[in-house]
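Commentary on secondary and tertiary structure
Now for the letters of each chain:
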Amino acid sequence: METIKKIIAQAASDAVIEEAQRLTVTVPPKQLHPLMKALHDNEELPFDYLISLIGMDWGDKLGVIYLLSPSKDLTRELVVITATEERENPLLYSVTDLYETAHLNEREVYAMFGIRFINNPDMRPFLLDDTWNGFPLRKDYDADPARNPVTVISSEVRDDVPRIMEDENGNLVESTTRVFEKDDYIINIGPQHPSTHGVMHFRTALNGELIKKIDVRSGYIHRGIEKLCENLTYPQILHLADRLDYLSANINRHAVCMCVEKAVGIEVPPRAQYIRTIMDELNRISSHLLAFASHCNDLGATTAFIYGMREREHVLDIFDKTCGGRLIINQDVVGGVMFDIYPDFQKDVKAFIPYMRKRLKEYEVFFSKNPIALRRMVNVGYMSREDAITYGVTGPAGRGSGWSCDVRLHKPYALYEQVEFTEVIRTEGDSYARYLNRLDEIEQALQIIEQLIDNIPEGEIQGKVRPIIRIPEGRYFQSVETGKGEFTVFIESKGDKHPYRLKFRSPSMAAVSVMPLISEGEFLADFIGIGGSMDYVIPDIDR
């Protein structure tokens, strides 16, 4: 990191460098963009992947924490912090010209903290309506329901886009523009539409049958989970983590547990590690099966949908027998797992492996090579490797564009260093590559389970944990590989039994943010299929 420190010193003379869990750099707002550009454009090792953008209220300051990594070496991570003492009209510089994923993230920070970003071309609040009073994640937020009464009256969607831009003389100029052109023909896809995979609203301008532009609107089921977590103990937070990407509920929960365990220094027993890893891979299989089923259904293949749901039931039966849950599994706890495996667990899992392999071959014959399916997916919804990186699209979708980004491989956790598996990567970048990646990852998950299922050691399933967990003061990060991609937990602690700030990095938000790009110029009829290939889950976005 010595080279990186030199780059930081040259780009930001007032930067303060701290050797923490990750190299941490604090810079004044004026020096943020020059520093981020220097890191992004560094030829030797460009920090071109913005993992997470986190709004903060430290009481005396409002600011943002950026977690960066080079796409070529995900083992290296850097934290950049900037803040302003202004609370009435807080302004920070945008990094949207460097990282496309910053667009929606900065708009979320504006909605939750009231921070506007200079040179962001679209400063509408994201996840909250622009009529909302107050900024919910500020520490002085007034949560009186009377300030934001529930209404059943529909409000018109505004087309004007406010922004604040810096001109060549350094003056700040506020202006508005329009989302769509005056004569655009606009249709609404969602929010009440079964094939948007949740309550998601895509305002779509058409040129004949071709998509001209898409405006993404979300927040219809926003539940304020990150705000709720600030008043919950760490064991209580687990139940809310389950309800983000509910199709990867066990993996989400695993991430929160590991973040707390590493911060406190809790040792997880070997038996619990085996159970966690096997259950995570079963969870990945069930997630990919539902993605396969719903994607095929989006394309009109009802039989394939039924087949995928049929196989998924076998996995859910194993979950049910293990811990009583099917969708929300409630298995991982801080220090280990809540329930030990049932007597026939290994027998049932080992029986499922050859059964699932047989079904994968069946999928290939009757759908993966179907000429109609091929025409709907091949060369449709193209996303380049560079697009995947700048939008932060990870998981099977990112790897379908040639980007090696599997957290299990690059930042291994649990037992992933002890097993052999192949990272599934394709370079075509289209819907078909993303579709095939999920099926191939089911096979890789089966291989991981095979290596572990007969070697589960005897012993305890929970380590020693204090009745009340207090995390030492500091900042903590933990990433895992869910069915959708990289899911990251950030905790800032003041030493209390609940977090000062908790942030979940949503892989689905990145997947949705790239939809306008990869859908532009495609047929409207293909839009739903492209969305199915991205496999996003709306509650993962509407935290």
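Coordinates for the structure precede this section.
So, about the overall build of the protein chain. Helix and strand counts for the protein chain come out as 18 helices and 17 strands. For the C-alpha atoms alone, the extent of the protein chain along its principal axes is close to 70 × 60 × 55 Å. Expressed as a percentage of the 543 residues in the protein chain, the buried residues total 59%. Within the protein chain, contacts between residues separated by at least 24 positions form 66% of all contacts whose residues are at least 6 apart in sequence. Carbon together with sulfur atoms contributes 50% to the accessible area of the protein chain, which is approximately 22200 Å² in total. Seen as two clouds, the 62 positive and the 82 negative side-chain charges of the protein chain have centres 3 Å apart.

Before going further, it helps to examine helix 8 (residues 302-323). Helix length check: helix 8, at 22 residues, gives a terminal C-alpha distance of 31 Å against a target of 32 Å (1.5 Å per residue), a fit within 8%. Where the residues of helix 8 are buried, they touch helix 7 (270-298) and helix 9 (345-368). A positive phi of about 85° marks Gly 324, the residue just after helix 8.

Below, the discussion takes up the sheet that holds strand 15 (residues 474-481). Strand order in the open sheet formed by three strands is 15-16-17, and the pairing between neighbours is antiparallel. Edge positions in the open sheet fall to strand 15 and strand 17 (501-505), since each of these has one partner strand only. Neighbour to neighbour, the strand axes of the sheet diverge by 10° on average, direction disregarded. Of the pairings in the sheet, the one linking strand 15 to strand 16 (residues 486-493) comprises eight bridges and is antiparallel in character. Residue pairing for strand 16: Gln 478 is matched across the bridge by Val 489. Packed onto the sheet, helix 6 (residues 249-264) meets strand 15, strand 16 and strand 17 and runs at close to 145° relative to strand 15.

Before going further, it helps to examine the nonpolar core. Ranked by internal contacts, the top residues of the largest apolar core, which has 80 residues, are Leu 39, Tyr 66, Val 80, Phe 202 and Met 534. With sequence-adjacent residues up to four places away left out, Met 534 is seen in contact with Met 383, Val 393, Ala 397, Arg 434, Arg 438, Ala 511, Val 514, Met 515 and Ile 518.

Evaluated as defined, the whole model comprises 50 salt bridges. The salt bridge partner of Asp 130 is Arg 158, with a shortest N-O separation of 2.9 Å. Pair noted here: Asp 130 is in the loop between strand 7 (116-118) and strand 8 (160-166) and Arg 158 is in the loop between strand 7 and strand 8, with a separation of 28 residues, a long-range link. Note that Glu 311 and Arg 310 form a salt bridge whose closest N and O atoms lie 2.6 Å from each other. For Glu 311, a relative accessible area of 0% translates into the label buried.

Attention now moves to the environment of Ser 508. Inspection of the secondary structure puts Ser 508 in helix 15 (residues 507-513). Beyond its immediate chain neighbours, meaning those up to four positions away, Ser 508 contacts Lys 484, Tyr 536, Val 537, Asp 540 and Ile 541. In this structure the side chain of Ser 508 is engaged in a polar contact, spanning 3.1 Å, whose partner is the backbone nitrogen of Val 537.

Let's shift gears to the side chain of Ser 533. Checked against the element boundaries, Ser 533 lands in helix 17 (residues 524-534). Separated by 3.0 Å, the side chains of Ser 533 and Arg 434 make a polar contact. Excluding its chain neighbours within four sequence positions, the residues that come into contact with Ser 533 are His 295, Ser 431, Arg 434 and Arg 438.

What follows deals with the sheet that holds strand 10 (residues 185-189). The pairing of strands in a sheet happens through backbone hydrogen bonds and is either parallel or antiparallel. Here three strands make up an open sheet; going across it, the order is 10-11-12 and the pairing antiparallel. In this open sheet, the two edge strands, each paired with only one partner strand, are strand 10 and strand 12 (210-217). Here the average twist between neighbouring strands, direction ignored, is 25°. The pairing of strand 10 with strand 11 (residues 201-207) spans five bridges and is classified as antiparallel. Bridge pairing links Ile 186 to Ala 205 in strand 11. Where helix 17 meets the sheet, it contacts strand 10, strand 11 and strand 12, and its direction lies at approximately 35° from that of strand 10.

How two aromatic rings sit relative to each other is set out by the distance from centre to centre and by the angle between their planes. If you walk through the whole model with that rule in mind, you get 15 aromatic pairs. A centroid spacing of 5.1 Å and a plane angle of 70° characterise the contact between Tyr 413 and Tyr 416, whose relative ring orientation is edge-to-face. Assigned by exposure class, Tyr 413 and Tyr 416 land together as buried. Three or more aromatic residues link up through ring pairs in this structure, and these residues are Phe 292, Tyr 307, Tyr 363, Phe 366, Phe 367, Tyr 432 and Tyr 435.

Parameters at a glance
Residues numbered from 1 in each chain as written. Predicted model: local features only at pLDDT ≥ 70, side-chain atom pairs only at ≥ 80, totals over all residues. Heavy atoms only, no water. Helix = DSSP H or I, 4+ residues; strand = E, 2+ residues; numbered from the N terminus. Buried < 20%, exposed > 50% of the residue type's maximum accessible area, 1.4 Å probe, protein only. Contact = heavy atoms within 4.5 Å. Areas by Shrake-Rupley, 256 points an atom, 1.4 Å probe, with all protein chains shown as cover. Lys, Arg positive; Asp, Glu negative; His and termini not counted. Charge placed at Lys NZ, Arg CZ, Asp CG, Glu CD. Expected span 1.5 Å × (residues − 1). Pairing = 2+ DSSP bridges. Axes fitted to C-alpha atoms, helices over the stretch in contact; angles between N-to-C directions. Core = buried A, V, L, I, M, F, W, Y, C linked by side-chain atoms within 4.5 Å. Salt bridge = Lys/Arg side-chain N within 4 Å of Asp/Glu carboxyl O. Polar contact = N/O pair within 3.5 Å; in protein donor to acceptor, adjacent residues only side chain to side chain. Phe/Tyr/Trp six-rings, centres within 6.5 Å; stacked < 30°, edge-to-face > 60°.

By themselves, these observations are geometric and do not establish any function.
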